Amino acid sequence: MKRLRRLATTVAASLTASSLAASAASAADYAVIHAGRLLAEPGRAVMENKTVIIKDGVIERIADGFVGAEDASPDDAVTVHDLKDMFVMPGLIDGHVHLLSENNPKGRLQRVEMSEGDLAIAGARHARRTLMAGFTTVRDVGAGSSDAIFALRDGVARGDVPGPRIFASGSTISVTGGHGDGTQGYRDDVAELLHQSGVCDGVGDCRRAVREQVRRGADHIKLTATAGVLSNTAAGLEQQFFEDEMKAIMDAAHAMGRKATAHAHGVNGINAALRAGVDSIEHGTYLDNESIRLFKRNGAYLVPTLLAGATVVEWAQDPETFLLPPQRAKALQVGPLMHEMAKRAHEGGVKIAFGTDSGVSKHGENAREFALLVEAGMTPMEAIRSATVMGAANLGQSDVLGAIAPGKFGDLIAVSGDPLADITELENVDFVMKAGRAYKTW
Ligand SMILES: [Zn+2]
């Protein structure tokens, strides 16, 4: 990939005597982007030779040609970014990550070795890599028993550490012994230490578990409607919560203004979660025609996580794999089905939001999902839309995220090639800006 010379210039504030008094309180920060090609709203046409003007982190306007921040006062800081040879588009949104962890052969030991501080530092490293890969927003859907995810979210928001905007679920809502109960295979006294406040059984307890996550600071609720691949349980992949429990979870989440998203592989669990009013389904491996009908009836999103499927199959096929026997069997069962599932859902008109399950795969490689979505039948534009316009809608954040438009956050990325011609261009993002601040230049 051709590396272009960086041409960003900061125009320092030039204070005059008369403006000195007012300057401290009123000085604004402008970022001016000169975009050769601009995909402002994925799904609509690419524009040429435009200027995006961002004031104090929020997009003010898009102007024709290459102009400056004409309404800036002499006290304001104006930074011009020359992206005239680049393809500029909205910052990417990954709707399914686990920032605090990254799968590795020592994972089960690390669970009992790592302190909250260790997890926070690991999360900061993963968050930085994710941002540098062009993902300016993520939804974290399960951080074990740790509250470090909330500290990380808030630290990133304050600007203490670089990372994407984080929407966090806290502890996954799971039945005892279910996919989101991370204590399987540990001895009882260790399991006690690893206990997660999201583990619940029965209607009343499930309401408590949801409310407990809201109290801890959750932006949304994640539940494991069915079994899963990487839990150490030979419990298949079918439904785990009963319908009354799922209904209690969705209702408790919605009553507190939170969306609920369900991890689900088996078809009965997918359909039960949709009937109970879930807002989105993660994975969706065994979805059927009835699922497609329910998705469309509810306006629910599917987050296919094809990269997770590809990653676990790769591990399972390795004769020296670190996967435990139940994990390996389930990986080989699920992985090969996910591609076809995404294709059927897409053809059936289900709304698809981009999500990778990074933390299974490596953080910072999130963009590999794009090529998999295109292999599953999406056009490059549809795949990009899933990680921008649809990604924002899936989070309930369409008013501020997902496109380059006045009033939205100044989150944008640039690549030197054309991702509509070759979607893998997005695996090498050259420029990353979040809220008007450039984190990566080329
Ligand atoms: Zn996950």
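A brief structural summary.

Thresholds applied
Residues numbered from 1 in each chain as written. Predicted model: local features only at pLDDT ≥ 70, side-chain atom pairs only at ≥ 80, totals over all residues. Helix = DSSP H or I, 4+ residues; strand = E, 2+ residues; numbered from the N terminus. Rg over C-alpha atoms; globule rule 2.2 N^0.38 Å. Buried ≥ 20, exposed ≤ 12 C-beta atoms within 10 Å, placed from the backbone. Contact = placed C-beta atoms within 7 Å. Axes fitted to C-alpha atoms, helices over the stretch in contact; angles between N-to-C directions. Parallel < 35°, antiparallel > 145°, perpendicular 65-115°, else oblique. Left-handed = near helix turned anticlockwise from the far one by under 90°. Nonpolar A, V, L, I, M, F, W, Y, C, P; charged D, E, K, R; others polar. Pairing = 2+ DSSP bridges.

## Section: the overall build of the chain
- Broken down by element type, the chain carries 14 helices and 16 strands.
- Expected size for 442 residues packed as a compact globule is a radius of gyration near 22 Å; at 22 Å, the chain falls within 12% of this value.
- Overall, the chain is about 70 × 45 × 45 Å in size when its C-alpha atoms are taken along their principal axes.
- Burial statistics for the chain: of 442 residues in total, 51% are counted as buried.
- Considering only residue pairs separated by 6 or more positions, the chain has 71% of its internal contacts joining residues 24 or more positions apart.

## Quick word on the packing of helix α3 (residues 116-132) against helix α4 (residues 148-158)
- Orientation of α3 relative to α4, taken along the N-to-C sense of each, is 45°, at an axis distance of 9 Å. With respect to each other, α3 and α4 are oriented oblique. When you trace α3 past α4, the crossing you get is right-handed. On α4, the residues that touch E116, L119, A120, G123, A124 and A127 of α3 are A148, I149, A151, L152 and V156.
- When its residues are assigned to classes, the contact of α3 with α4 shows nine nonpolar, one polar and one charged.

## As for the packing of helix α6 (residues 203-216) against helix α7 (residues 243-255)
- Orientation of α6 relative to α7, taken along the N-to-C sense of each, is 30°, at an axis distance of 8 Å. The handedness of the crossing between α6 and α7 is right-handed. Contacts between α6 and α7 involve V203, C206, R207, V210 and R211 from the first element and D244, E245, A248, I249, A252 and A253 from the second.
- Split by residue class, the contact of α6 with α7 holds seven nonpolar, no polar and four charged.

## Regarding the sheet that holds strand β8 (residues 165-168)
- Pairing is parallel across the open sheet formed by three strands, whose spatial order is β6-β7-β8. Each edge of the sheet is formed by a strand with only one pairing partner; in this case those strands are β6 (92-97) and β8. When strand polarity is set aside, the average angle formed by the axes of neighbouring strands in this sheet is 15°.
- Bridge count between strand β7 (residues 135-140) and β8: four bridges; the pairing is parallel. Residue pairing for β8: V138 is matched across the bridge by I166.

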